[in-house]
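As a plain string of letters, each chain reads:
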Amino acid sequence: MSAEVRRAAEILRAGGLVAFPTETVYGLGADASSAAAMARLYRVKGRPVDHPVIVHLDSLERALAWARDVPREARILAERFWPGPLTLILKRSDKARDFVTGGQPSVGIRVPSHPVAQDLLKAFGGGVAAPSANRFGHVSPTTAQHVRDDLGADVDLVLEGGASEVGIESTIVDVSGGGVVVLRPGRISLEDIEKLGIKVQQRTAASPRHSGGLQRHYSPRTPARLVPTHLLDKEIAQRGDKVAVLAFSRPDERVDFWLRMPREPQGYAQRLYAALREIDGTGCELILVEAPPDTADWAAVRDRLVRACG
Ligand code: TXA
Ligand code: MG
């Protein structure tokens with residue numbers, strides 16, 4: 001374990017904020033047991049206090065201590081996908097206080113697999129509350145530089161861990177209400193879950209609220225629009241050189257800023273947030289995003305694109 005990680009754990013113990021890499025996106029971490037540390041986290045993040053945060057732990061054993069009445073399906077999911085890009089919403093135990101759960105009776109927990117996250121969580125020993133390390137509503141950071149660009153001096157330390165491998169946030173599965181409901185799609189798909197013999201229910205109005213579920217979220221600063229493939233050419237012809245384009249095909253010379261995206265969903269997800277941030281730096285007035293295929297394997301990417309396009 002590096003000296004830097006040990007220093008990061010010290011900062012957490014003292015109530016400070018540490019941004020750290022995970023396999024999904026970078027997180028902004030604080031001691032989940034400290035009201036003061038959590039208050040600072042919410043202030044820096046710019047997040048309303050009734051929005052819950054995910055608690056990160058180094059192992060399944062430690063994670064489940066934050067929950068009670070853990071259903072069989074939750075154990076199956078945890079054993080299969082932890083450490084990894086899965087968040088479980090469970091009934092909370094006494095460890096999960098109102099300042100972590102936003103006052104809800106449930107708690108979100110996750111065991112990340114990134115080696116630096118694992119080291120940090122082991123060195124700290126307890127639960128680390130960590131929303132994505134961006135200001136509220138902006139796109140999540142997938143590199144340490146993104147975190148510094150967004151949060152600057154407001155964070156005490158940013159741990160370096162390379163570009164996030166998954167690139168979009170964890171799959172959130174609610175198992176706190178008797179059924180199994182996917183609240184946020186991610187690398188782990190509905191199909192991956194159902195393959196384990198687990199029946200997934202539709203979301204209902206009674207499903208827990210979550211900020212990633214807001215209409216406009218994960219947004220670049222530049223307005224963005226989803227465009228079906230067959231209309232892309234027409235849109236470009238109308239808009240001229242003030243647009244940036246995110247598409248599967250080769251660059252069109254009428255467009256100054258063209259990012260060609262991978263044709264498979266995992267590669268696309270990996271690149272997406274960095275691409276949106278890059279476009280924000282170009283001065284373009286509009287982003288035209290070629291709509292991905294309407295198939296199940298693109299569900300998580302489509303979810304983020306729809307929100308980015310507000
Ligand atoms: O991949 C991830 O999940 C990243 C990394 C850092 O782990 N974290 C992340 O956190 O995306 P955040 O706070 O940006 O998004 C977490 C989502 C929010 O929409 C929050 O409302 C929801 O999880 N959430 C957390 N606890 C919840 C709970 N008890 N009930 C319902 N939703 C919850
Ligand atoms: Mg977030």
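As the structure is a prediction and not an experimental result, all values here were calculated from the model.

**Q** Is there a simple way to explain the site of ligand 1 in this structure?
**A** Taken together, 26 residues lie around ligand 1, and T24, R47, H56, S170 and R184 are the ones closest in. R47 places a side-chain nitrogen or oxygen 2.8 Å from an oxygen atom of ligand 1. With respect to ligand 1, the side chain of S106 contributes an N or O atom lying 3.1 Å from a nitrogen atom. Protein burial of ligand 1: of its 680 Å² of free accessible surface, 98% is covered by the chains. Sorting elements by how many residues they give to the shell around ligand 1 places strand 5 (residues 106-110) first, with four residues. When its residues are assigned to classes, the shell around ligand 1 shows 10 nonpolar, 11 polar and five charged.

**Q** I'm lost on the packing of aromatic side chains in this one. Help?
**A** Enumeration according to the criterion identifies three aromatic pairs in this entry. Between F248 and Y268, the aromatic rings sit 5.7 Å apart at their centres with planes inclined by 45°, giving tilted as the arrangement. Here the residue F248 occupies a position in the loop between strand 11 (243-247) and strand 12 (257-260), and Y268 occupies one in helix 10 (residues 265-280), the gap between them amounting to 20 residues. When its relative accessible area of 5% is taken as the criterion, F248 is described as buried. The class for Y268 is buried, based on a relative accessible area of 1%. Considering the side-chain rings of Y268 and W298, the 5.4 Å spacing of their centres and the 80° angle between planes classify their relative orientation as edge-to-face. On the criterion of sequence distance, the pair formed by Y268 in helix 10 and W298 in the loop between strand 13 (286-290) and helix 11 (299-308) is long-range, its members being 30 residues apart. Three or more aromatic residues joined by ring pairs form one cluster here, namely F248, Y268 and W298.

Definitions and limits used
- Residues numbered from 1 in each chain as written.
- Chains lettered and ligands numbered in written order.
- Predicted model: local features only at pLDDT ≥ 70, side-chain atom pairs only at ≥ 80, totals over all residues.
- Heavy atoms only, no water.
- Near = heavy atom within 4 Å.
- Polar contact = N/O pair within 3.5 Å; in protein donor to acceptor, adjacent residues only side chain to side chain.
- Areas by Shrake-Rupley, 256 points an atom, 1.4 Å probe, with all protein chains shown as cover.
- Helix = DSSP H or I, 4+ residues; strand = E, 2+ residues; numbered from the N terminus.
- Nonpolar A, V, L, I, M, F, W, Y, C, P; charged D, E, K, R; others polar.
- Phe/Tyr/Trp six-rings, centres within 6.5 Å; stacked < 30°, edge-to-face > 60°.
- Buried < 20%, exposed > 50% of the residue type's maximum accessible area, 1.4 Å probe, protein only.

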